[in-house]
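Take a look at the letters that make up each chain.
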Amino acid sequence: MKLVPLITGLLVLTPVTAFAQARDVHDGPTFEGVKVGADIDYRWTTADHALPRIASNIDKKKGGIGYRAHVGYDAQLGQTLVIGAEGGIGRGGKRLSAASPTGDYTLKPRWTWDVSGRAGVLAAPSVLLYGRAGYSWLRVREQTDFRAITSSDLGTASTKKGILFGGGIEAAVSPGLFVRAEYNRMNYGEGQKSSKALLGVSAGF
């Protein structure tokens, strides 16, 4: 008769345990799935090249606040590996200028957009360390104001493009909610570079 309470206890405990395990798996953090989010950053723009129209050079670096929206997808492979892809669009940065006896040159960063892939490992079940590599585009407006004449260059807009690389850390603060800190470098060629340190938040689906 001692087996009756034992069997009864097992019958009660088994579904409770199974439910708890299913709840842990479902409610626990996972990096798999679609993510949509926003970043705020501090970005530095660097220009180091000749300015033939005013026979001068620009060698400047300035930083300013920027912002970006992103959407991506991550796949979690096994217990520790995460790979994914992401695209984003943003704006920000400070105007660069160079003065010479001939005229003044200004370069204003405008919109940026990018596509990249990332791969990382889970340092803890809810903490991801990752690297990123991809491609970035930067829209800039350049203008020259000449001193010797009363007119000025109305300015031209152009798109720079180049490689993007960096890395960061992302944490799952709750199921479906992620925060990140990241640093990126972009090399657009011809002496034009950019870098940024960002903080972001993402919602996972």
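Everything that follows concerns the structure shown earlier in this document.
These lines cover the structure that appears in this document, whether it is placed above or below. All of these numbers come straight from a predicted model, not from anything done at the bench. (Residues numbered from 1 in each chain as written. Predicted model: local features only at pLDDT ≥ 70, side-chain atom pairs only at ≥ 80, totals over all residues. Heavy atoms only, no water.)

### What about the environment of Gly 176?
- Within the secondary structure, Gly 176 sits in the loop between strand S7 (156-174) and strand S8 (177-189).
- On the basis of relative accessible area, Gly 176 is assigned to the partly exposed category, the value being 28%.
- The spacing of Gly 176 and Glu 32 is 144 residues in sequence and 9.6 Å in space, taken between C-alpha atoms.
- With near-sequence residues (within four places) excluded, Gly 176 lies in contact with Ser 202, Ala 203 and Gly 204. (Helix = DSSP H or I, 4+ residues; strand = E, 2+ residues; numbered from the N terminus. Buried < 20%, exposed > 50% of the residue type's maximum accessible area, 1.4 Å probe, protein only. Contact = heavy atoms within 4.5 Å.)

### Description of the packing of aromatic side chains
- If you walk through the whole model with that rule in mind, you get four aromatic pairs.
- With a centroid separation of 5.3 Å and 45 degrees between ring planes, the pair formed by Phe 31 and Phe 178 is classed as tilted. On the criterion of sequence distance, the pair formed by Phe 31 in the loop between helix H1 (3-27) and strand S1 (33-51) and Phe 178 in strand S8 is long-range, its members being 147 residues apart.
- Residue classification places Phe 31 among the buried residues on the basis of a relative accessible area of 0%.
- Here the aromatic rings of Tyr 42 and Trp 44 are separated by 5.1 Å at their centres, their planes lie at 70 degrees, and the arrangement is edge-to-face.
- The partly exposed category is assigned to Tyr 42, whose relative accessible area is 36%.
- An aromatic cluster of three or more residues is present, and its members are Trp 113, Tyr 135 and Trp 137.
- Just above the ring of Phe 178 sits the side chain of Lys 35; from NZ or CZ to the centre is 4.1 Å.
- Sitting over the face of the ring of Tyr 130, Arg 118 holds its NZ or CZ atom 4.5 Å from the ring centroid. (Phe/Tyr/Trp six-rings, centres within 6.5 Å; stacked < 30°, edge-to-face > 60°. Lys NZ or Arg CZ within 6 Å of the ring centre and 35° of its normal.)

### Quick notes on the pairing of S8
- The alternating pattern of S8 places Phe 178, Arg 180, Glu 182, Asn 184, Met 186 and Tyr 188 on a buried face and Leu 177, Val 179, Ala 181, Tyr 183, Arg 185, Asn 187 and Gly 189 on a face that is not buried.
- A loop of two residues connects S7 with S8, the two strands running antiparallel in sequence, and Gly 176 in this loop sits at a positive phi of about 85 degrees.
- Pairing analysis gives 12 bridges linking S8 to strand S9 (residues 192-204), with the strands arranged antiparallel. Bridging across to S9, Val 179 finds its partner in Val 201.
- The antiparallel hairpin formed by S8 and S9 contains two residues in its connecting segment, where Glu 190 sits at a positive phi of about 55 degrees. (Pairing = 2+ DSSP bridges.)

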